[in-house]
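# Structure assessment
Residue-level listing of the chains:
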Amino acid sequence: MNTISIAWIALPFFVGFVASLIPKLDRYLALGMACASAGYALLLFIEPPLTLNLLDNFGVTLAIDQLSGYFILTNALVTAAVILYCWRSGKTAFFYAQTIILHGSVNAAFVCVDFISLYVALEVSGIAAFLLIAYPRSDRSIWVGLRYLFVSNVAMLFYLVGAVLVYKAHHSFAFAGLRGAPPEALALIFLGLLVKGGVFVSGLWLPLTHSESETPVSAMLSGIVVKAGVYPLVRCALTLEEVDPIVRFFGVGTALLGVFYAVFEKDTKRMLAFHTVSQLGFILAAPGVGGFYALTHGLVKSALFLIAGVLPSRNFKELQHQPIATSIWIALVMASFSISGFPMLSGFGAKVLTTKNLLPWQTIAMNVAAVGTAISFAKFIFLPHQKREGGENVSPGFWSAVILLIGGLIVANVAYYEAYTLENIAKPLAIVGIGWLAYFLVFRRSVLKLPRMLEQFEHLIGVMSLMLILLFWMVWTRSVI
Amino acid sequence: MLEACVLATILCGFFGIIFKKNLVMKIVSMDVMSTGVISYYVVIASRDGVFVPIISDTKNIAYSDPVPQAVILTAIVIGFSIQAVMLVGVMKLSRDNPTLESSEIEKSNTP
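On a predicted model such as this, the values are computed, not experimentally measured, just so you know.

### Points about the UniProt feature "domain: NADH:quinone oxidoreductase/Mrp antiporter transmembrane" (unreviewed entry) in chain A
Residues annotated in UniProt with the feature "domain: NADH:quinone oxidoreductase/Mrp antiporter transmembrane" (unreviewed entry) correspond here to residues 114-375 of chain A. Split by type, residues 114-375 of chain A is 77% helix and 1% strand. Its first and last C-alpha atoms lie 40 Å apart.

### Notes on helix H17 (residues 398-411) of chain A
Residues and elements named next belong to chain A. For H17, with 14 residues, the first-to-last C-alpha span of 20 Å sits near the 20 Å given by 1.5 Å per residue. Three or more residues of H17 are buried, namely Phe398, Ala401, Val402, Leu405, Ile406, Gly408 and Leu409. Buried residues in H17, looked at end-on, bunch into an arc of 145°, giving them a common side. Exposed residues on H17 whose side chains face more than 90 degrees from its buried face are Ile403 and Val411. Looking at the buried residues of H17, the elements they touch are helix H3 (66-85), helix H12 (290-310), helix H14 (326-339) and helix H15 (346-356).

### Here's the deal with the packing of aromatic side chains
Residues and elements named next belong to chain A. A complete count under the given rule lists 36 aromatic pairs over all chains for this structure. Relative to Tyr293, the ring of Phe282 has its centre 5.5 Å away and its plane inclined at 5°; by these criteria the two rings are stacked. Placement of the pair is Phe282 in helix H11 (residues 268-285) and Tyr293 in helix H12, with a sequence separation of 11 residues. Residue class for Phe282 comes out buried when judged on its relative accessible area of 5%. On the numbers, 4.9 Å between centres and 75° between planes, the contact of Phe398 with Trp399 is edge-to-face. Aromatic ring contacts, followed pair by pair, group Phe337, Phe342, Phe382, Trp436, Tyr439 and Phe440 into a single cluster.

### Notes on the nonpolar core
Residues Val154 and Phe190 of chain A together with Tyr41 of chain B are the most contacted members of the largest nonpolar core, which totals 211 residues. Top contributing element to this core by residue count: helix H6 (residues 139-170) of chain A, with 21 residues. In this structure Val154 of chain A touches Ile461 and Met464 of chain A together with Phe14, Ile17, Met30 and Met33 of chain B, once residues within four positions along its chain are discounted. Residues Val263, Phe264, Ala370 and Ile375 of chain A belong to the second largest nonpolar core, which totals eight residues.

Cut-offs and rules
Here the residue numbers are simple positions, counted from 1 along each chain's written sequence. Here chains are named by letter from A upward and ligands by number from 1 upward, in the order in which they appear as written. Predicted model: local features are reported for residues with pLDDT of at least 70 only, side-chain atom pairs are reported and counted for 80 or more only, and whole-chain, interface and lining totals are derived from all residues. Each side-chain value is worked out from all heavy atoms of the structure, with water and hydrogens disregarded. UniProt positions are given in the numbering used here, feature names are shortened, and annotations may be inferred rather than shown by experiment. Numbering of helices and strands starts at the N terminus; helices are DSSP runs of H or I of at least 4 residues and strands are runs of E of at least 2. Multiplying one less than the number of residues by 1.5 Å gives the expected span of a helix. Think of it in three bands: with a 1.4 Å probe and only protein chains considered, a residue is buried below 20% of the maximum accessible area for its type, exposed above 50%, and partly exposed in between. Taking the helix axis as origin, the arc is that swept by the directions to the C-beta atoms. By definition in these notes, contact holds between two residues if any of their heavy atoms fall within 4.5 Å. Two rings from Phe, Tyr or Trp (for Trp, the six-membered ring) form a pair when their centres are within 6.5 Å of each other. A pair whose planes differ by under 30 degrees is stacked, one over 60 is edge-to-face, and the rest are tilted. Among buried residues, those of type Ala, Val, Leu, Ile, Met, Phe, Trp, Tyr and Cys that are joined through side-chain atoms within 4.5 Å constitute a nonpolar core.

Rendered as structure tokens:
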């Protein structure tokens with residue numbers, strides 16, 4: 001098992017290299033790599049947890065268990081879907097090579113438990129993501145990519161300072177070293193991870209980046225890349241119980257913030273991006289079961305981004321006057337149902353599981369966020385549709401990708417089949433009902449447009465310092481009590 | 001004292017990123033910030049001593065800690081490559097935006 005794990009971590013980088021050397025094989029290699037990861041992730045569910053300590057206590061430490069298994073499975077499925085989507089779109093070998101490298105670096109982030117390996121994995125994923133965003137080479141895509149790289153790199157510099165403070169206290173970079181580290185170490189490290197993961201106010205770089213990149217790239221970014229920043233937070237919360245309340249607080253905060261923006265958004269892709277912010281909150285709000293939620297969200301969000309890419313317009317107002325093909329509408333509705341927590345799709349199981357693991361003070365806020373989810377996805381569900389003769393002019397790989405993702409959602413249902421009790425089913429239905437009612441009564445006609453001031457570049461960087469103060473204060477008061 | 005200087009460098013870089021208008025200057029400020037972070041690692045490494053940990057005849061001298069230095073090497077490489085990539089991006093942008101003022105670019109490129 002040890003050898004397999006190490007070979008599997010190194011493989012994507014090698015495969016990416018080979019793919020750029022032999023451009024004819026690029027797609028097959030990329031798809032093969034995604035399948036290998038999926039196989040490995042399934043292996044993790046039967047094998048006992050694995051801890052590897054390479055070199056020494058200051059070397060690379062890996063911990064591979066079921067939680068990583070969920071994240072890796074998400075990664076594998078989303079990557080496979082994106083590659084299928086691009087299958088005949090004439091993308092060059094460079095694109096596929098970057099996709100595999102992104103896949104590999106995110107995988108590496110999902111297994112390591114020391115700060116420096118995590119830093120390397122996150123930065124490699126940042127560069128690969130930048131190259132994917134800037135792939136069309138247009139002015140806008142380069143600016144969006146630059147902005148992303150800037151924000152993430154500045155955050156990672158803060159993170160590095162935090163990492164060395166942990167080393168100073170313990171002579172090791174392991175996650176467990178956070179326990180005796182000074183409060184500023186925790187604050188700096190968490191700032192880096194929060195920005196990288198797109199959580200709370202520091203995650204406001206996310207909407208523009210995810211909405212302005214190409215369809216397959218935004219599916220990849222929203223589906224998995226942000227989770228590379230969230231996973232370490234979940235892992236820290238599970239290893240150290242004193243960090244747990246902080247992570248939960250940020251979970252609730254980001255769930256509410258994201259959904260608040262999503263409800264008032266008039267643009268499909270931006271709405272989905274804001275919704276990613278909110279869903280990350282659900283993952284963080286109950287760290288113990290975050291893995292399953294991440295799997296569901298990754299599948300559903302990349303499916304939604306792929307579908308939003310083939311809709312005739314990005315504006316909800318225009319879409320309401322322009323019927324879409326019924327087949328696309330059905331896929332859209334299935335994905336939306338899953339994310340609003342409707343039974344029979346795995347979003348339901350994930351929501352129930354998360355609700356069960358909430359602390360009392362979180363319950364109300366998370367229910368509000370769930371209602372907000374239903375409201376924002378009512379915009380998709382109630383779009384007009386009609387049967388279209390002939391092709392719906394979608395790209396050739398579209399259906400295979402969407403069927404893979406939605407099939408994954410249905411199959412993932414079995415992971416938590418105990419959820420199907422009467423009480424559990426009634427509650428999400430009530431929430432969805434309230435949400436739809438609110439949509440028809442209030443939000444359908446709302447013209448409120450939220451200002452985008454906070455999304456400006458300078459503000460994004462400036463907010464980091466404010467978040468640093470907030471985090472420092474939180475950590476400090478906690479250690480005093 | 002040394003630590004304070006290093007932290008001041010980090011802060012200078014950070015404020016440079018916020019207050020400088022030109023995109024190239026922002027990237028340079030980011031470099032200043034990362035230089036600060038790298039020197040912080042070196043400062044931490046030399047807490048116990050400043051001698052290079054290489055096997056030699058002299059015994060019992062205060063060696064510096066090799067781990068932070070080894071680790072920061074990776075960060076230097078990553079920071080350098082990110083900067084290279086960013087500057088290429090800026091070069092491409094500069095063909096269409098002669099001023100390279102980030103607020104102008106932002107205005108014309110946000111929907």
